[in-house]
Amino acid sequence: MEAKPIGVEFSNRDLRRLIVPLIIEQTLAIAVGLCDSIMVSQVGEAAISAVSLVDTVNVLLVGAFAALGTGGAVIAGQYLGKRDLEKAGHSSAQLMLFMVEASLLIMALFYLGKGFVLGVVFGRVEPDVAAYANTYYLIVESSIPFLAVYSAGAALFRVMGNSGISMWVSLVMNIINVVGNAILIFGFHWGVEGVAVPTVASRVFAAAAMVILLQRKDLPLQIERFTFKHDPYVVRNILRFGVTNGLESSMFQLGKILLLSTVSVLGTASVAANAIGNNIATFHCMAGNATGLAMVTVVSQCVGAGSIEKARYYTKKLMKVAYVSMAICIIGIEFALPILLKFYNVSPEAELYARQILRMHAIMTILIWPVAFVLPQALRAAGDTRFTMLVSTVSMWTMRVCFGILLARHLGYGVLGIWMAMFADWVLRIALFVPRWCGHRWESMGL
């Protein structure tokens, strides 16, 4: 795919070339998660519960690295808007170095804290679920550094407006994952190992591909050589843009993890339904997530070029795109829901809970999700990451965690209460993000 010329003019064709590959990439990532859960469900309900528990922690890592990479890539995007290609490439090399170092530290902490995660965070689970979770955790966490490198590379390609490359890398990565799952689970009759090993292999491939592709000479942003020397100015900006963005994503996922102990005591059916709900509900949001990533590319370049008026114009335009595209996805999934639920080998009780969760999620997503999650991407792209992190943290702790525990355990709503609290979280975010965007403080927070 030919790289988009640097500038702040994005035609409808430019936006389609940016957003469509992102939607495909999001679809691939979600579909692989769905295939993983469906395949491992053939091992039994205990296996799918174990994988879902560990994957809730892994989603924290995926989200944190994606957010950290995206936040760090905002620096390169703003330099692209300024037409300073040398500094854009230099900041990209610094981002890669930072991601490698941070991921090695995180991997070490995850292995040292395995007992705490499996024994305390997950709460009291059945012995067979605990055994499966331990096996899956030991294998899949070895891929943390490769996930970090891939996330940074994908973010850099997206901020160039060249989302096609990250899409193709994601496609091959996911093919490796799905084919590996099928061979190991159905061919060799492995258990949760059959899901974990292909995940590691696919991430190794993706990281290697990104390192090689970022050295291409035809890119507006390229890493001519990787460095082990830190640039204090760039590192400070990575900490400012990327780390706050990563912490925000981590806090968001941490809230979900903390609620696992609440879900786990509600029984295996509730754990399985929550896992199914999380897997399928991501399809509701995939077009919105893709549009949010496109928002970072477009707004960061507009802000870098000093064109706040165009940043506001494209934000409004992309919000409309998010609403329309998400409505189409959600309607399609509603028609396919009876078929999708039949793929899972779970009890009637778990299927009933999952159906109720997904119907609620579809309605609320189509109404308010874009304002709660796509709009603040414009603020992040402009450098207003401290405010977005503060809002997300306050909203998560007050609504998603505290209110969720109240509804689920003390008011008798069970697993449905966890999801109802999540919708309250969205409403609070909207109440705080909309006035911020309508104001002017974020307009002067760029480089």
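As the structure is a computational prediction, the values presented were derived from the model and not from experiment. (Residues numbered from 1 in each chain as written. Predicted model: local features only at pLDDT ≥ 70, side-chain atom pairs only at ≥ 80, totals over all residues. Heavy atoms only, no water.)

Let's talk about the overall build of the chain
Consideration 1: Across its full length, the chain holds 16 helices and 0 strands.
Consideration 2: On the principal axes, the C-alpha backbone points of the chain span a range of 55 × 45 × 40 Å.
Consideration 3: Burial status across the chain gives 59% buried among its 447 residues.
Consideration 4: A sequence separation of at least 24 residues applies to 85% of the contacts in the chain between residues at least 6 apart.
Consideration 5: Roughly 17,600 Å² of accessible area belongs to the chain as shown, and the carbon and sulfur atoms make up 68% of that amount.
Consideration 6: Both charge centroids of the chain, one from 33 positive and one from 25 negative side chains, sit 7 Å from each other. (Helix = DSSP H or I, 4+ residues; strand = E, 2+ residues; numbered from the N terminus. Buried < 20%, exposed > 50% of the residue type's maximum accessible area, 1.4 Å probe, protein only. Contact = heavy atoms within 4.5 Å. Areas by Shrake-Rupley, 256 points an atom, 1.4 Å probe, with all protein chains shown as cover. Lys, Arg positive; Asp, Glu negative; His and termini not counted. Charge placed at Lys NZ, Arg CZ, Asp CG, Glu CD.)

Description of the pattern of salt bridges
Consideration 1: A complete count under the given rule lists 8 salt bridges for this structure.
Consideration 2: Measuring nitrogen to oxygen at the nearest pair gives 2.7 Å for the salt bridge that ties Glu334 to Arg359. Within this pair, whereas Glu334 is found in helix 12 (residues 308-342), its partner Arg359 is found in helix 13 (residues 348-373), the two being separated by 25 residues in sequence.
Consideration 3: Residue class for Glu334 comes out partly exposed when judged on its relative accessible area of 23%.
Consideration 4: The exposure class assigned to Arg359 is partly exposed, which follows from its relative accessible area of 35%. (Salt bridge = Lys/Arg side-chain N within 4 Å of Asp/Glu carboxyl O.)

Some points on unusual backbone geometry
Negative phi characterises most residues that are not glycine, and trans characterises most peptide bonds.
Consideration 1: A positive phi angle is found at His189, which is not glycine, with a value near 60°.
Consideration 2: Within the secondary structure layout, His189 lies in the loop between helix 7 (163-187) and helix 8 (193-213).

Some details on a nonpolar patch on the surface
Consideration 1: Together, Ile175, Val179, Ile183, Phe188, Trp190 and Val197 make up a nonpolar patch on the protein surface, roughly 540 Å² of accessible area in all.
Consideration 2: Of the residues forming the nonpolar patch, the biggest block, 3 residues, is contributed by helix 7.
Consideration 3: Looking at the element boundaries, Ile183 is found in helix 7. (Patch = residues over 30% accessible without salt bridge, like charges linked within 9 Å, V, L, I, M, F, W, Y side chains within 5 Å.)

Quick look at the environment of Pro21
Consideration 1: Assignment of secondary structure puts Pro21 in helix 1 (residues 12-41).
Consideration 2: Between the alpha carbons of Pro21 and Arg429 there is a distance of 28 Å; along the sequence they are 408 residues apart.

Regarding helix 5 (residues 127-140)
Consideration 1: The terminal C-alpha atoms of helix 5 lie 20 Å apart, and with 14 residues this matches the ideal 20 Å at 1.5 Å per residue to within 8%.
Consideration 2: Restricting attention to buried positions, one finds in helix 5 the residues Val129, Ala133, Tyr136, Tyr137 and Val140. Down the axis of helix 5, the buried side of the element spans an arc of 100°, and every buried residue falls inside it. (Expected span 1.5 Å × (residues − 1). Arc of directions from axis to C-beta.)

Things to note about the packing of aromatic side chains
Consideration 1: Throughout the structure, instances matching the rule amount to 7 aromatic pairs.
Consideration 2: Between the aromatic rings of Tyr313 and Tyr314, the centroid separation amounts to 5.1 Å while the plane-to-plane angle is 65°, which identifies the pairing as edge-to-face.
Consideration 3: According to the relative accessible area criterion, Tyr314 is buried, its value standing at 3%.
Consideration 4: Between Trp369 and Phe373, the aromatic rings sit 5.0 Å apart at their centres with planes inclined by 25°, giving stacked as the arrangement. With a gap of 4 residues between them, Trp369 and Phe373 both fall in helix 13, about one helical turn apart. Of the two residues, Trp369 and Phe373, neither departs from the other in class, the shared state being buried.
Consideration 5: One aromatic cluster is present, formed by Trp369, Phe373, Phe423 and Trp426 through successive ring pairs.
Consideration 6: Positioned over the ring face of Phe387 is Arg436, at 4.2 Å from the centre of the ring. (Phe/Tyr/Trp six-rings, centres within 6.5 Å; stacked < 30°, edge-to-face > 60°. Lys NZ or Arg CZ within 6 Å of the ring centre and 35° of its normal.)

Some details on the packing of helix 6 (residues 144-159) against helix 8
Consideration 1: Taken N-terminus to C-terminus, the directions of helix 6 and helix 8 make an angle of 45°; their axes are 8 Å apart at the nearest point. With respect to helix 8, the axis of helix 6 lies oblique. Pair helix 6 / helix 8 crosses with left-handed handedness. Counting all contacts with helix 6, which are made through Phe146, Leu147, Val149, Tyr150, Gly153, Ala154 and Phe157, the residues of helix 8 involved are Arg203, Val204, Ala206, Ala207, Met210, Val211 and Leu213.
Consideration 2: Residues belonging to the contact of helix 6 with helix 8 are distributed by class as follows: 12 nonpolar, 1 polar and 1 charged. (Axes fitted to C-alpha atoms, helices over the stretch in contact; angles between N-to-C directions. Parallel < 35°, antiparallel > 145°, perpendicular 65-115°, else oblique. Left-handed = near helix turned anticlockwise from the far one by under 90°. Nonpolar A, V, L, I, M, F, W, Y, C, P; charged D, E, K, R; others polar.)

Section: the environment of Ser91
Consideration 1: One can find Ser91 in helix 3 (residues 85-112).
Consideration 2: With 15 residues separating them in the primary sequence, Ser91 and Ala76 have C-alpha atoms 6.1 Å apart.
Consideration 3: Beyond its immediate sequence surroundings of up to four residues, Ser91 is in contact with Ile75, Ala76, Tyr79 and Val234.

Some words on the side chain of Asp384
Consideration 1: Tracing the backbone shows Asp384 in the loop between helix 14 (375-381) and helix 15 (385-410).
Consideration 2: Judged by its relative accessible area of 1%, Asp384 is buried.
Consideration 3: Within the structure, Asp384 has its side chain in polar contact with the side chain of Arg436 (distance 2.8 Å). (Polar contact = N/O pair within 3.5 Å; in protein donor to acceptor, adjacent residues only side chain to side chain.)

Description of the confidence of the model for the chain
Consideration 1: Summary statistics for the chain give a mean pLDDT of 84 and a share of 94% for residues scoring 70 or more.
Consideration 2: Here residues 1-7 is a poorly scored stretch, pLDDT under 50, and it has 17 contacts once near neighbours within four places are set aside; other chains count. (pLDDT = per-residue confidence, 0-100.)

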